[in-house]
Each structure stands twice: as structure tokens, then as C-alpha cells.
Amino acid sequence: MSAHAIAEALQRAEDVLRKRPAAGLHGDAPATAIWHGDTRVVAHHANGTQVPTDMPGEFGGTGDQVSPGWLFRAGVAACANVSIAMLAAREGVVLERLEVRVDSQSDSRGMLGLPEADGTPVSAAPRALQMHVDIRAPGVAPDALRALVERGCARSPIPCAVQAALPLTLHIEAATGH
């Protein structure tokens, strides 16, 4: 789809949502992860897409698939990237390059339930999440591109969820196996 077609689609969506704001609230496609033995899990989308994952060798996996943590970082990066690209299309900015990389650091002790020396729990969450954006557009000043990236990220669902520390409600169905 061309940048012009994207801008038109976004304008149509905005027109509808300005008239009917309630139409903006909707359920998102669920992600279902099914255990396949050992540390292998396959994530499923309702459209049939499947993404296999495995843990690195130090956690008992083979490391031959992407890890769930990598999928998280990939989701943050992809969501930010497309949000920036959509905003650029909407504003008539012709992008030459747009690359988003998300890095993090993690403390493996958190996954193992190991505490700090003083007994304080170590979080299993990634630390120091960083997003690096390389953006280029002919004839657009670097300051204008930085502002475009900031506005795009502010509209990007996954980075916004991370920044807001979205609460997670846990529902458990447990049964005795056969």
C-alpha cells in the first residue's frame, strides 16, 4: 500500500472515530501459546500464523528458535516502527529508511527465583529497555524527524503499554491431568 493510500485510510478511520468514539474500543486478537514439551512453545494467531519459541541453552532449551523475550522486544520494535511509518505517511513525509532496534538487559536470577544477597526478590522483568531509531527522509531536518519519531512512539500501543506498566490480570483454569 502506498504512503498516500495509508494516509487516506488513516483519515477515514479518524473521521469515523470522531463521529463515533465508542467504535475505537475493540478486543485485540488473542495470542495463544501452547507448550510443546521441554522449553518449546508455539504462539498461535487466529489467522493461522504460528511462531515457535524455545529458551536458550542455559535455561534448558536448544536455542534454535527465538525466545519469548526476543518476541517481546520484536513486538515493541515492530509496533513503534509501523506507528512512526503511518504518521510519516499521514504527514506526507517520504521515508528513505526507518529501522527500530530494541535492546534490554535482564537478570537471569529473576527467572530462577533467586534473591539478592539481602533477600530482596530479583525481578524477572527486563531492565534498561532501550529503543534506537534510525530514520532518514530526503529534505526533512533531523529535528523534525526526531519530533516525528517521538509523536509516533507516543501513539504506538506496545511501547505505550510498556511505559504505562500495563497491569496484567491472571486467570487460571487448573485441572487434574488424565
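**With respect to the pattern of salt bridges**
Then, in step 1: Under the counting rule described, the total for this entry stands at 13 salt bridges.
Then, in step 2: When the shortest N-O distance is used, the salt bridge between Asp-107 and Arg-127 registers 3.5 Å. Here Asp-107 is found in the loop between β4 (97–105) and α3 (109–112), whereas its partner Arg-127 is found in strand β5 (residues 127–136), with 20 residues between them in sequence.
Then, in step 3: Taking the relative accessible area as the measure of exposure, Asp-107 reaches 14% and is therefore buried.
Then, in step 4: Since its relative accessible area comes to 38%, Arg-127 is described here as partly exposed.
Then, in step 5: For Arg-146, the salt bridge identified is with Asp-143, shortest N-O distance 2.7 Å.

**Quick look at the side chain of Thr-53**
Then, in step 1: Examined against the element boundaries, Thr-53 turns out to sit in strand β3 (residues 50–53).
Then, in step 2: In this structure, Thr-53 is in contact with Thr-39, Arg-40, Val-41, Gln-65, Val-66, Ser-67, Pro-68 and Leu-71, ignoring residues within four places of it in sequence.

**Describing the sheet that holds strand β1 (residues 32–35)**
Then, in step 1: Across the sheet, which stays open at both edges, the three strands sit in the order β1-β2-β3 with antiparallel pairing between neighbours. Since the sheet does not close on itself, it has two edges, and those belong to β1 and β3, each with one partner. Here the average twist between neighbouring strands, direction ignored, is 25°.
Then, in step 2: When strand β2 (residues 41–44) meets β3, the two strands line up antiparallel, connected through four bridges. Looking at the pairing, Ala-43 lines up with Val-51 of β3.

**Comments concerning the side chain of Ser-83**
Then, in step 1: With respect to the helices and strands, Ser-83 occurs in helix α2 (residues 68–90).
Then, in step 2: When its relative accessible area of 12% is taken as the criterion, Ser-83 is described as buried.
Then, in step 3: Of note is the side chain of Ser-83, whose polar atom sits 3.0 Å from the backbone oxygen of Cys-79.
Then, in step 4: With residues near it in sequence (within four places) discarded, Ser-83 still touches Gly-152, Arg-155, Ser-156 and Pro-157.

Definitions and cut-offs
Numbering of residues starts from 1 in every chain and runs along the sequence as written. Confidence filtering applies because this is a predicted model: local features only for residues at pLDDT of at least 70, side-chain atom pairs given and counted only at 80 or more, and all residues used for totals across whole chains, interfaces and linings. Based on all heavy atoms of the structure, the side-chain values leave hydrogens and waters out of the count. When a carboxyl oxygen of Asp or Glu lies within 4 Å of a side-chain nitrogen of Lys or Arg, that pair is called a salt bridge. Elements are defined by DSSP. Helices are runs of H or I of four residues or more, strands are runs of E of two residues or more, and each kind is numbered from the N terminus. Between buried and exposed lies partly exposed: a residue is buried under 20% and exposed over 50% of the maximum accessible area for its type, with that area taken using a 1.4 Å probe on protein chains only. Pairs of residues are marked as contacts when any of their non-hydrogen atoms sit within 4.5 Å. Two strands pair if DSSP finds at least two bridges between them. Lines fitted to C-alpha atoms define the axes, with helix axes restricted to the stretch in contact, and inter-axis angles between N-to-C directions lie between 0 and 180 degrees. By the criterion applied in these results, polar contacts are pairs of N or O atoms within 3.5 Å in which, for protein atoms, one can donate a hydrogen and the other can accept it, and in which residues neighboring in sequence qualify only through two side-chain atoms.

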